[in-house]
Amino acid sequence: MLTFLALASVVLLGIVPEQSQAIVIYTGWERHALVGSDIRLSCSFFSWRWTSEDVTFSWTYRPDGSRDSISIFHYTGGVPYVDNKGPFRDRLEFVGNPGRRDGSILLKNLEFTDNGTFTCDAKNPPDIVGRPSSVRLLVFEKVPIQAGVITGAIIGVVLGLLVLIVVIYYLMRFLVARRVFSLSVSKHGKKKKEGSQQRQGPVPPADPSKIKV
Amino acid sequence: MLILLGAIFALHIIGIVLLLVATIDNAWWVTDDIYTDVWGRWMMTNNVWNLTDLPSTYPENYLQAVQASSVLACIFSILGIFVFLAQLFTLPKGQRFTISGIFQLLACLCIMIAASIYTDRFHLDERNGWYGHCYILAWIAFALTFFSCITYFVLRKKTA
């Protein structure tokens, strides 16, 4: 009886977590773009279930400094619905592939007022429990060089040159040593042959009286 | 002989320490309520020190050059101490410690480049401030590493 209960509990514990695994949504963390350009905001999800036909994606936008979000995109029942009244009308396009769990949107002709946070929420019935993920959009007039890039580049190049010089030095030594070694072996081989021919004659026989007993 | 070796080692270590302090600590230029270096600026507001970014009037590429060469000076000096220890055990008798000397020379050059660029390009019109202790330590480290490099080029290994 006790063993049956133990087995049953193990089996149930094995099944139950699978039913309550959450869906995990992935977007970028921060995106930088030039004013007037286009940007693709990617959204994808991970779910233990197969991609259902009722999968939904929705994007909401919250401008910087505001507390309200506005819904700008919704995909459901196989049909994408883009914003036709809000701040992104005629500038939003759906470029994702829901069958491959991709719910990305394309924002065209960016303006400075588009700075803000975009949140993607995806649902894959029956896997609907999950946290929406947000990506922050920053629109620049001129994309700035980030603070440490030149510093890191200088340090990397100098150290790389150092390593290169060391490697080349050891390579040259190795190659030169091999050349010298092979030359000396061939010379040594010739000398040995001549030497052994000369020595055949005058080898003094070992004097048995001189060997100490 | 051992004392000489110890003195040379200590000189190199002191050079490394000074270079690290000069690069990491934050007093290249000091006024009454500002401590600044090549990485950031500490400002005293209402008796509280706040870390702020360097002003955007700083010439960006010269700043990054100073950052890069001071970090490189530290790296070369630290590599040099390891190379010196390696050479101490592997060098044949009578040879000079050239490679350690080369590393120290590179460190010396790099910190000289860093300090020179900083002197020439930054704080040119500011009157109400003075150079802080890290700046002075950078120049002292330049002198020490130069002296150390000369020592390595002149010294010969006496015992096998």
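Residues numbered from 1 in each chain as written. Chains lettered and ligands numbered in written order. Predicted model: local features only at pLDDT ≥ 70, side-chain atom pairs only at ≥ 80, totals over all residues. Heavy atoms only, no water.

1. Considering the overall build of chain A
Thinking step 1. For chain A, the helix and strand inventory stands at 2 helices and 12 strands.
Thinking step 2. In chain A, buried positions account for 25% of the 213 residues.
Thinking step 3. Put simply, 59% of the contacts in chain A that link residues at least 6 apart link residues at least 24 apart. (Helix = DSSP H or I, 4+ residues; strand = E, 2+ residues; numbered from the N terminus. Buried < 20%, exposed > 50% of the residue type's maximum accessible area, 1.4 Å probe, protein only. Contact = heavy atoms within 4.5 Å.)

2. A look at the side chain of B:His123
Residue and element names in this part refer to chain B.
Thinking step 1. By the secondary structure assignment, His123 is in the loop between α3 (98-121) and β5 (130-131).
Thinking step 2. Among the residues examined, His123 registers a relative accessible area of 9% and is labelled buried.
Thinking step 3. Here the side chain of His123 touches Tyr58 through a polar contact of 3.3 Å, side chain to side chain.
Thinking step 4. Within the local environment of His123, its side chain forms a polar contact with the side chain of Tyr118, the two groups lying 2.8 Å apart.
Thinking step 5. Apart from residues lying up to four places away in sequence, His123 is in contact with Trp29, Thr36, Arg41, Tyr58 and Tyr118. (Polar contact = N/O pair within 3.5 Å; in protein donor to acceptor, adjacent residues only side chain to side chain.)

3. Let's talk about α3(B)
Residues and elements named next belong to chain B.
Thinking step 1. Helix length check: α3, at 24 residues, gives a terminal C-alpha distance of 34 Å against a target of 34 Å (1.5 Å per residue), a fit within 8%.
Thinking step 2. Taken residue by residue, α3 has Ser100, Gly101, Phe103, Gln104, Ala107, Cys108, Cys110, Ile111, Ala114, Ala115, Ile117 and Tyr118 as its buried positions.
Thinking step 3. Just past α3, the residue His123 takes up positive phi, approximately 55 degrees. (Expected span 1.5 Å × (residues − 1).)

4. Some remarks on the UniProt feature "transmembrane region" (unreviewed entry) in chain B
Thinking step 1. If you check UniProt for "transmembrane region" (unreviewed entry), the listed places come out as residues 7-29, 62-85, 97-118 and 130-155 of chain B in our numbering.
Thinking step 2. A helix fraction of 85% and a strand fraction of 8% characterise residues 130-155 of chain B, whose end C-alpha atoms lie 39 Å from each other. (UniProt positions renumbered as here; feature names shortened; annotations may be inferred.)

5. Structural notes on the pattern of salt bridges
Proximity of charged atoms lets side chains of opposite charge pair with each other.
All names here are of chain A.
Thinking step 1. One pass over the structure, following the stated rule, counts 6 salt bridges over all chains.
Thinking step 2. Here Arg91 makes a salt bridge to Asp114, at a shortest N to O gap of 2.8 Å. With Arg91 in the loop between β7 (79-82) and β8 (92-94) and Asp114 in the loop between β9 (105-107) and β10 (116-123), this residue pair connects regions lying 23 residues apart in the sequence.
Thinking step 3. On the basis of relative accessible area, Arg91 is assigned to the buried category, the value being 11%.
Thinking step 4. By relative accessible area, which is 1% here, Asp114 ends up buried. (Salt bridge = Lys/Arg side-chain N within 4 Å of Asp/Glu carboxyl O.)

6. Describing the state of the cysteines
Residues and elements named next belong to chain B.
Thinking step 1. Scanning the entire structure with this criterion turns up 1 disulfide over all chains.
Thinking step 2. Looking at the unpaired Cys74, the closest cysteine sulfur is the one in Cys110, lying at 9.8 Å.
Thinking step 3. Of the residues examined, Cys110 reaches a relative accessible area of 11% and is grouped as buried. (Disulfide = S-S within 2.5 Å.)

7. Comments concerning the interface of chain B and chain A
Thinking step 1. With 11 residues of chain B at the contact, the number on the chain A side is 11 residues.
Thinking step 2. Summing both partners gives a buried area of about 840 Å² for chain B against chain A, and 80% of it is carried by carbon and sulfur.
Thinking step 3. In terms of surface lost to chain A, no three residues of chain B exceed B:Gln64, B:Ala68 and B:Leu72, which account for 51% of the buried area on that side.
Thinking step 4. One can count 0 salt bridges joining chain B with chain A.
Thinking step 5. For the side of chain B that touches chain A, the leading source of residues is helix α2 (residues 60-90) of chain B, giving 10 residues.
Thinking step 6. Tallied by class, the residues present in the side of chain B that touches chain A amount to 8 nonpolar, 2 polar and 1 charged. (Buried area = accessible area lost by both parts, 1.4 Å probe. Nonpolar A, V, L, I, M, F, W, Y, C, P; charged D, E, K, R; others polar.)

8. Regarding the packing of aromatic side chains
Thinking step 1. With the rule as written, the count across this model stands at 22 aromatic pairs over all chains.
Thinking step 2. Ring centres 5.6 Å apart and planes at 55 degrees place the aromatic pair A:Phe88 and A:Phe118 in the tilted group. Linking A:Phe88 in the loop between β7 and β8 with A:Phe118 in strand β10, this pair joins segments that are 30 residues apart in sequence.
Thinking step 3. Arranged with centres 4.8 Å apart and planes meeting at 65 degrees, the rings of B:Trp28 and B:Tyr118 form a pair that is edge-to-face. Taken together, the residues B:Trp28 in the loop between α1 (2-24) and β1 (29-30) and B:Tyr118 in helix α3 connect sequence positions 90 residues apart. Taken individually, B:Trp28 and B:Tyr118 each receive the classification buried, so the pair is uniform in this respect. (Phe/Tyr/Trp six-rings, centres within 6.5 Å; stacked < 30°, edge-to-face > 60°.)

9. A short note on the sheet that holds β8(A)
Hydrogen bonds between backbone atoms are what pair the strands of a sheet, whose relative direction is either parallel or antiparallel.
Residue and element names in this part refer to chain A.
Thinking step 1. Here we have 3 strands laid out as an open sheet, ordered β3-β9-β8, and antiparallel in their pairing. The open sheet terminates on both sides in strands that have one partner only, identified here as β3 (39-41) and β8. In this sheet, adjacent strand axes meet at a mean angle of 25 degrees when their direction is disregarded.
Thinking step 2. Two elements, β3 and β9, share 3 bridges in a ladder whose sense is antiparallel. By the bridge assignment, Ile39 is partnered in β9 with Leu107. (Pairing = 2+ DSSP bridges. Axes fitted to C-alpha atoms, helices over the stretch in contact; angles between N-to-C directions.)

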